[in-house]
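# Breakdown of the fold
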Amino acid sequence: MDRLMPEGICDAQPTKLLGRHVVYHETTDSTNTLAKTLAQRGAEEGTLVIAEEQTAGRGRLGRRWLAPRGTSLLFSLIFRPVLPATRAQGLTMVCGLSTCQAIRALTGLPAKLKWPNDIVLRGLKVGGILTEVSTTGMCLDYVVVGIGLNVNLEVSSLPADFNATSISSELGHAVSRSSLLQTVLCEIDGRYLMLRNGKWPVKEWAAALETVGQRVKLHTTLGIVEGTATAVDEEGALSLRLDNGQLRKVHVGDIVSRHKPWKGLGRE
Ligand code: BTN
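Residues numbered from 1 in each chain as written. Predicted model: local features only at pLDDT ≥ 70, side-chain atom pairs only at ≥ 80, totals over all residues. Heavy atoms only, no water.

## Quick word on unusual backbone geometry
Basically, it comes down to this: Here a strand is any run of E in DSSP of at least two residues, a helix any run of H or I of at least four, and the numbering for each starts at the N terminus. For every residue, the accessible area obtained with a 1.4 Å probe (protein chains only) is divided by the maximum for its type, and the residue is called buried under 20%, exposed over 50%, and partly exposed between those limits.
Here the bond from Trp115 into Pro116 is cis, since omega is 0°, no more than 30 degrees from zero. By secondary structure assignment, the location of Pro116 is in the loop between β4 (112-114) and β5 (118-121). Residues other than glycine seldom take positive phi values, yet Leu61 does so here, at roughly 55°. Tracing the backbone shows Leu61 in the loop between β2 (48-54) and β3 (72-79). Classification of Leu61 as exposed rests on a relative accessible area of 53%.

## A look at the nonpolar core
Short version of the rule: Take the buried Ala, Val, Leu, Ile, Met, Phe, Trp, Tyr and Cys residues and link them wherever side-chain atoms come within 4.5 Å; each set so joined is a nonpolar core. Residues are treated as being in contact if the distance between any of their heavy atoms lies within 4.5 Å.
Formed by 60 residues in total, the largest nonpolar core has its most connected members in Phe75, Phe79, Ile103, Leu185, Ile188, Leu218 and Leu240. Those residues in contact with Leu185 that lie beyond four places of it in its chain are Ile9, Cys10, Thr15, Leu18, Leu48, Phe75 and Leu77. If you look at the next biggest cluster of nonpolar residues, it comprises ten residues, including Leu34, Val49, Ile78 and Val144.

## Let's talk about the pattern of salt bridges
For clarity, the cut-off: Think of a salt bridge as a Lys or Arg side-chain nitrogen and an Asp or Glu carboxyl oxygen that are within 4 Å of each other.
Counted by the stated rule, this structure contains 17 salt bridges. The shortest N-O distance in the salt bridge between Asp118 and Lys125 comes to 2.7 Å. On the accessibility criterion, Asp118 (9% relative accessible area) is buried. Exposure remark for Lys125: the relative accessible area of 12% places this residue in the buried category. Salt bridges linked by common partners bring Glu26, Glu53 and Arg69 together as one network.

## Observations concerning the site of the ligand
What counts here: Near residues are defined by distance, with any heavy atom within 4 Å of the molecule or strand qualifying the residue. Pairs of N or O atoms within 3.5 Å make up the polar contacts considered here, provided that, within protein, one atom can donate a hydrogen while the other can accept it, and that residues adjacent in sequence are counted only when both atoms are side-chain atoms. Note on areas: Shrake-Rupley, 1.4 Å probe, and residue coverage restricted to the protein chains presented here.
For the ligand, the set of nearby residues contains 20 residues, the closest of which are Ser30, Gln54, Arg58, Arg60 and Lys125. Taking Ser30, its side chain carries an N or O atom lying 2.7 Å from an oxygen atom of the ligand. Within the side chain of Lys125, an N or O atom sits 2.6 Å from an oxygen atom of the ligand. If the ligand stood free it would expose 420 Å²; the protein chains cover 98% of that surface. When contributions to the shell around the ligand are tallied by element, the ones reaching two or more residues are α1 (31-40), β3, β6 (124-136) and β7 (139-150).

## Considering the side chain of Asn117
On the secondary structure map, Asn117 appears in the loop between β4 and β5. Residue class for Asn117 comes out buried when judged on its relative accessible area of 7%. Separated by 3.4 Å, the side chain of Asn117 and the backbone oxygen of Ile129 make a polar contact. Not counting the four nearest positions on each side in its chain, Asn117 is found in contact with Arg60, Thr92, Gly128 and Ile129.

## What about the sheet that holds β2?
What counts here: Strand pairing is defined by DSSP finding a minimum of two bridges between the two strands. Structural elements are reduced to axes, namely lines fitted to C-alpha atoms, with helices fitted over the stretch in contact, and the angle between N-to-C directions of any two is expressed from 0 to 180 degrees.
Overall, mixed pairing links the seven strands, which are arranged β1-β2-β3-β7-β6-β5-β4 in an open sheet. One side of each edge strand has no neighbouring strand; the edge strands of this open sheet are β1 (22-28) and β4. Neighbouring strand axes in the sheet, compared pairwise and without regard to direction, differ in orientation by 20° on average. Bridge count for β1 against β2 is six bridges, and the pairing is parallel. Following the sheet pairing, Thr27 is matched in β2 by Glu53. Across the sheet, helix α2 (residues 89-107) is in contact with β3, β4, β5, β6 and β7; its angle to β7 comes to roughly 30°. Sheet strands in contact with helix α4 (residues 177-196) are β2, β3 and β7, and its direction is about 25° off that of β3.

## Some words on the packing of α2 against α4
Our working definition: Convention used here: angles under 35 degrees read as roughly parallel, angles over 145 as roughly antiparallel, angles from 65 to 115 as roughly perpendicular, and any remaining angle as oblique. Crossing handedness follows the turn of the near helix against the far one: under a right angle anticlockwise gives a left-handed crossing, and clockwise gives a right-handed one. Residue type decides the class: Asp, Glu, Lys and Arg count as charged, Ala, Val, Leu, Ile, Met, Phe, Trp, Tyr, Cys and Pro as nonpolar, and the leftover types, Gly among them, as polar.
In the contact formed by α2 and α4, the axes pass within 8 Å of each other and the chain directions differ by 140°. As judged from the angle between their axes, α2 and α4 are oblique. Between α2 and α4 the crossing geometry is right-handed. Across the interface between the two elements, Gly90, Leu91, Val94, Cys95, Leu97, Ser98, Thr99, Gln101, Ala102, Ile103 and Leu106 from α2 touch Ser179, Leu180, Thr183, Val184, Glu187, Ile188, Arg191, Tyr192 and Leu195 from α4. Residues of the contact of α2 with α4, tallied by class, amount to twelve nonpolar, six polar and two charged.

Structure below.
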(Lines give C-alpha, C1' and ligand atoms only; values in the text may rest on other atoms or scores of the structure.)
Protein backbone atom coordinates (compact mmCIF):
# COMPACT_ATOMS: atom_id res chain seq x y z
CA MET A 1 0.00 0.00 0.00
CA ASP A 2 1.41 3.44 -0.91
CA ARG A 3 0.97 5.62 2.15
CA LEU A 4 -0.63 8.98 1.57
CA MET A 5 1.65 11.85 2.50
CA PRO A 6 -0.68 14.41 4.05
CA GLU A 7 2.15 16.64 5.24
CA GLY A 8 3.00 19.00 2.41
CA ILE A 9 0.37 17.45 0.14
CA CYS A 10 0.13 20.70 -1.81
CA ASP A 11 3.88 21.42 -2.02
CA ALA A 12 4.49 19.80 -5.40
CA GLN A 13 1.48 21.38 -7.07
CA PRO A 14 0.73 24.51 -5.02
CA THR A 15 -2.88 25.46 -4.44
CA LYS A 16 -4.15 28.89 -3.43
CA LEU A 17 -6.89 27.70 -1.10
CA LEU A 18 -7.32 23.97 -0.80
CA GLY A 19 -5.35 21.68 1.45
CA ARG A 20 -3.53 24.39 3.39
CA HIS A 21 -5.03 22.75 6.47
CA VAL A 22 -5.10 18.93 6.40
CA VAL A 23 -6.77 16.56 8.85
CA TYR A 24 -5.49 13.03 8.25
CA HIS A 25 -6.73 9.87 9.95
CA GLU A 26 -5.73 6.26 9.35
CA THR A 27 -9.34 5.36 10.16
CA THR A 28 -12.44 7.47 10.65
CA ASP A 29 -16.16 6.81 10.38
CA SER A 30 -16.70 9.09 7.39
CA THR A 31 -14.56 11.97 6.18
CA ASN A 32 -17.78 13.85 5.32
CA THR A 33 -19.12 13.44 8.85
CA LEU A 34 -15.81 14.61 10.32
CA ALA A 35 -15.57 17.54 7.89
CA LYS A 36 -19.09 18.67 8.84
CA THR A 37 -18.19 18.59 12.54
CA LEU A 38 -15.03 20.61 11.84
CA ALA A 39 -16.95 23.08 9.65
CA GLN A 40 -19.50 23.61 12.43
CA ARG A 41 -16.58 24.38 14.76
CA GLY A 42 -15.31 27.01 12.33
CA ALA A 43 -12.68 25.13 10.30
CA GLU A 44 -11.24 27.28 7.54
CA GLU A 45 -12.34 27.11 3.93
CA GLY A 46 -10.23 24.67 1.96
CA THR A 47 -9.70 22.27 4.87
CA LEU A 48 -8.96 18.77 3.56
CA VAL A 49 -10.10 15.76 5.60
CA ILE A 50 -8.63 12.49 4.42
CA ALA A 51 -8.54 8.88 5.62
CA GLU A 52 -7.05 5.56 4.58
CA GLU A 53 -10.19 3.78 5.70
CA GLN A 54 -13.78 4.64 6.66
CA THR A 55 -15.91 2.55 8.98
CA ALA A 56 -19.15 4.28 7.99
CA GLY A 57 -18.45 5.78 4.57
CA ARG A 58 -21.57 7.25 3.03
CA GLY A 59 -22.78 7.48 -0.56
CA ARG A 60 -25.70 9.37 -2.07
CA LEU A 61 -29.29 8.48 -1.27
CA GLY A 62 -28.39 6.85 2.03
CA ARG A 63 -26.10 4.22 0.48
CA ARG A 64 -22.92 2.98 2.08
CA TRP A 65 -19.50 3.56 0.58
CA LEU A 66 -16.96 0.92 1.50
CA ALA A 67 -13.42 0.60 0.21
CA PRO A 68 -10.61 -1.62 1.48
CA ARG A 69 -7.98 0.26 3.47
CA GLY A 70 -5.31 2.00 1.45
CA THR A 71 -6.78 1.21 -1.98
CA SER A 72 -8.70 4.38 -2.63
CA LEU A 73 -8.84 8.11 -2.22
CA LEU A 74 -11.40 8.97 0.47
CA PHE A 75 -11.51 12.66 1.27
CA SER A 76 -13.72 15.66 1.94
CA LEU A 77 -13.26 19.39 1.41
CA ILE A 78 -14.84 22.29 3.28
CA PHE A 79 -16.04 25.24 1.19
CA ARG A 80 -17.59 28.49 2.38
CA PRO A 81 -18.89 30.08 -0.84
CA VAL A 82 -20.93 33.26 -0.71
CA LEU A 83 -23.82 31.83 -2.70
CA PRO A 84 -27.56 31.33 -2.32
CA ALA A 85 -28.42 27.92 -0.88
CA THR A 86 -29.94 26.89 -4.22
CA ARG A 87 -26.55 27.12 -5.98
CA ALA A 88 -24.62 24.46 -4.08
CA GLN A 89 -24.70 22.28 -7.21
CA GLY A 90 -21.89 24.49 -8.52
CA LEU A 91 -19.52 22.86 -6.05
CA THR A 92 -20.49 19.38 -7.22
CA MET A 93 -19.94 20.49 -10.81
CA VAL A 94 -16.52 21.92 -10.03
CA CYS A 95 -15.40 18.87 -8.05
CA GLY A 96 -16.75 16.26 -10.49
CA LEU A 97 -15.31 17.95 -13.53
CA SER A 98 -11.96 18.57 -11.82
CA THR A 99 -11.68 14.95 -10.69
CA CYS A 100 -12.34 13.77 -14.26
CA GLN A 101 -9.78 16.19 -15.57
CA ALA A 102 -7.19 15.07 -13.00
CA ILE A 103 -7.65 11.39 -13.92
CA ARG A 104 -7.27 12.26 -17.61
CA ALA A 105 -4.19 14.41 -17.01
CA LEU A 106 -2.40 11.94 -14.76
CA THR A 107 -3.31 8.64 -16.42
CA GLY A 108 -4.54 9.43 -19.93
CA LEU A 109 -7.73 7.48 -19.17
CA PRO A 110 -10.87 9.03 -20.72
CA ALA A 111 -12.79 9.70 -17.49
CA LYS A 112 -16.35 10.99 -17.94
CA LEU A 113 -19.22 11.98 -15.67
CA LYS A 114 -22.53 10.22 -15.33
CA TRP A 115 -25.25 12.66 -14.26
CA PRO A 116 -25.37 13.94 -11.64
CA ASN A 117 -22.01 13.10 -10.09
CA ASP A 118 -20.60 9.66 -10.79
CA ILE A 119 -17.14 9.43 -12.26
CA VAL A 120 -16.97 6.70 -14.88
CA LEU A 121 -14.47 4.92 -17.10
CA ARG A 122 -15.85 2.93 -20.05
CA GLY A 123 -19.30 3.40 -18.48
CA LEU A 124 -18.17 1.75 -15.21
CA LYS A 125 -18.18 3.67 -11.94
CA VAL A 126 -14.73 4.60 -10.67
CA GLY A 127 -15.77 7.25 -8.15
CA GLY A 128 -18.56 9.24 -6.61
CA ILE A 129 -19.23 12.57 -4.98
CA LEU A 130 -21.34 13.34 -1.94
CA THR A 131 -22.16 17.02 -1.41
CA GLU A 132 -23.66 18.11 1.90
CA VAL A 133 -24.66 21.65 2.79
CA SER A 134 -25.47 23.73 5.83
CA THR A 135 -27.49 26.88 5.34
CA THR A 136 -28.20 30.03 7.29
CA GLY A 137 -31.42 31.57 6.03
CA MET A 138 -31.28 31.53 2.22
CA CYS A 139 -27.47 31.39 2.09
CA LEU A 140 -24.90 28.66 2.25
CA ASP A 141 -23.03 28.51 5.52
CA TYR A 142 -20.67 25.76 4.39
CA VAL A 143 -20.54 22.98 1.81
CA VAL A 144 -18.73 19.68 2.37
CA VAL A 145 -17.86 17.79 -0.81
CA GLY A 146 -16.73 14.19 -0.27
CA ILE A 147 -14.96 12.31 -3.03
CA GLY A 148 -14.39 8.56 -3.16
CA LEU A 149 -12.17 7.20 -5.94
CA ASN A 150 -11.27 3.57 -6.62
CA VAL A 151 -7.57 3.94 -7.33
CA ASN A 152 -5.55 0.76 -6.71
CA LEU A 153 -8.41 -1.59 -6.11
CA GLU A 154 -8.73 -5.16 -7.39
CA VAL A 155 -12.02 -5.11 -9.23
CA SER A 156 -11.89 -8.81 -10.12
CA SER A 157 -12.66 -9.39 -6.43
CA LEU A 158 -16.03 -7.68 -6.91
CA PRO A 159 -19.23 -9.30 -8.15
CA ALA A 160 -19.37 -8.71 -11.92
CA ASP A 161 -22.74 -6.98 -11.66
CA PHE A 162 -21.32 -4.21 -9.46
CA ASN A 163 -20.71 -2.23 -12.62
CA ALA A 164 -17.53 -0.69 -11.19
CA THR A 165 -13.90 -0.35 -12.03
CA SER A 166 -10.71 1.17 -10.65
CA ILE A 167 -7.94 3.22 -12.17
CA SER A 168 -5.37 0.43 -11.68
CA SER A 169 -7.66 -2.12 -13.33
CA GLU A 170 -8.09 0.11 -16.36
CA LEU A 171 -4.39 0.92 -16.60
CA GLY A 172 -2.98 -2.49 -15.72
CA HIS A 173 -0.74 -0.99 -13.02
CA ALA A 174 -0.99 0.95 -9.74
CA VAL A 175 -0.80 4.73 -9.60
CA SER A 176 0.40 7.02 -6.83
CA ARG A 177 -2.58 8.07 -4.73
CA SER A 178 -0.67 11.10 -3.45
CA SER A 179 0.02 12.33 -7.00
CA LEU A 180 -3.59 11.82 -7.98
CA LEU A 181 -4.80 13.66 -4.87
CA GLN A 182 -2.45 16.57 -5.57
CA THR A 183 -3.69 16.81 -9.16
CA VAL A 184 -7.35 16.64 -8.11
CA LEU A 185 -6.82 19.38 -5.49
CA CYS A 186 -5.02 21.60 -7.97
CA GLU A 187 -7.81 21.20 -10.56
CA ILE A 188 -10.54 21.92 -7.99
CA ASP A 189 -8.61 24.89 -6.58
CA GLY A 190 -8.46 26.68 -9.95
CA ARG A 191 -12.10 26.08 -10.84
CA TYR A 192 -13.38 26.96 -7.36
CA LEU A 193 -11.59 30.32 -7.48
CA MET A 194 -13.26 30.94 -10.87
CA LEU A 195 -16.63 29.95 -9.39
CA ARG A 196 -16.11 32.47 -6.58
CA ASN A 197 -15.70 35.08 -9.31
CA GLY A 198 -18.99 34.07 -10.86
CA LYS A 199 -17.57 31.84 -13.63
CA TRP A 200 -19.37 28.51 -13.62
CA PRO A 201 -17.86 25.70 -15.70
CA VAL A 202 -21.24 24.67 -17.09
CA LYS A 203 -20.11 24.10 -20.70
CA GLU A 204 -17.05 22.11 -19.64
CA TRP A 205 -19.19 20.09 -17.21
CA ALA A 206 -21.83 19.38 -19.87
CA ALA A 207 -19.09 18.25 -22.28
CA ALA A 208 -17.73 15.81 -19.68
CA LEU A 209 -21.16 14.24 -19.11
CA GLU A 210 -21.59 11.01 -21.02
CA THR A 211 -25.30 11.08 -20.10
CA VAL A 212 -26.37 13.78 -22.60
CA GLY A 213 -27.65 12.09 -25.75
CA GLN A 214 -28.21 8.75 -23.98
CA ARG A 215 -31.44 6.95 -23.25
CA VAL A 216 -31.86 6.89 -19.47
CA LYS A 217 -34.18 5.62 -16.78
CA LEU A 218 -34.18 7.87 -13.70
CA HIS A 219 -35.29 7.38 -10.12
CA THR A 220 -36.68 10.76 -9.07
CA THR A 221 -38.52 12.01 -6.02
CA LEU A 222 -41.71 11.65 -8.11
CA GLY A 223 -40.98 8.09 -9.27
CA ILE A 224 -39.26 6.57 -12.29
CA VAL A 225 -39.07 8.50 -15.55
CA GLU A 226 -37.60 7.26 -18.81
CA GLY A 227 -36.49 9.08 -21.92
CA THR A 228 -33.57 10.58 -23.81
CA ALA A 229 -31.30 13.03 -21.98
CA THR A 230 -31.13 16.12 -24.18
CA ALA A 231 -29.26 18.76 -22.16
CA VAL A 232 -28.23 20.12 -18.77
CA ASP A 233 -28.83 23.67 -17.57
CA GLU A 234 -26.61 26.00 -15.57
CA GLU A 235 -28.05 24.74 -12.29
CA GLY A 236 -27.16 21.15 -13.19
CA ALA A 237 -30.70 19.96 -13.93
CA LEU A 238 -31.07 17.28 -16.62
CA SER A 239 -33.64 17.69 -19.41
CA LEU A 240 -35.32 14.53 -20.63
CA ARG A 241 -37.43 14.02 -23.75
CA LEU A 242 -40.00 11.52 -22.51
CA ASP A 243 -41.40 8.81 -24.76
CA ASN A 244 -44.67 10.73 -25.08
CA GLY A 245 -42.71 13.68 -26.49
CA GLN A 246 -42.92 15.85 -23.34
CA LEU A 247 -39.82 17.62 -22.04
CA ARG A 248 -39.13 17.08 -18.31
CA LYS A 249 -36.47 18.77 -16.18
CA VAL A 250 -35.02 16.69 -13.32
CA HIS A 251 -33.05 18.39 -10.54
CA VAL A 252 -32.51 15.42 -8.23
CA GLY A 253 -32.37 11.82 -9.34
CA ASP A 254 -30.32 8.74 -9.93
CA ILE A 255 -29.86 6.86 -13.18
CA VAL A 256 -31.04 3.28 -12.88
CA SER A 257 -28.34 1.14 -14.37
CA ARG A 258 -28.95 -1.99 -16.42
CA HIS A 259 -26.78 -3.58 -13.75
CA LYS A 260 -27.10 -3.16 -10.00
CA PRO A 261 -26.20 0.39 -8.93
CA TRP A 262 -22.69 0.69 -7.51
CA LYS A 263 -22.57 0.85 -3.71
CA GLY A 264 -18.84 1.08 -3.14
CA LEU A 265 -17.67 -2.30 -2.06
CA GLY A 266 -20.54 -2.83 0.32
CA ARG A 267 -24.20 -3.52 0.06
CA GLU A 268 -27.12 -1.51 1.35
C1 BTN B 1 -21.86 8.21 -4.33
O2 BTN B 1 -21.48 7.89 -5.46
O3 BTN B 1 -22.91 7.74 -3.84
C4 BTN B 1 -21.04 9.16 -3.53
C5 BTN B 1 -19.92 8.46 -2.81
C6 BTN B 1 -19.06 9.40 -1.98
C7 BTN B 1 -18.06 8.65 -1.15
C8 BTN B 1 -17.08 9.57 -0.47
S9 BTN B 1 -15.73 8.71 0.24
C10 BTN B 1 -15.19 10.15 1.05
C11 BTN B 1 -16.43 10.86 1.55
N12 BTN B 1 -16.82 10.35 2.86
C13 BTN B 1 -17.98 9.71 2.81
O14 BTN B 1 -18.54 9.17 3.80
N15 BTN B 1 -18.47 9.71 1.57
C16 BTN B 1 -17.62 10.44 0.66
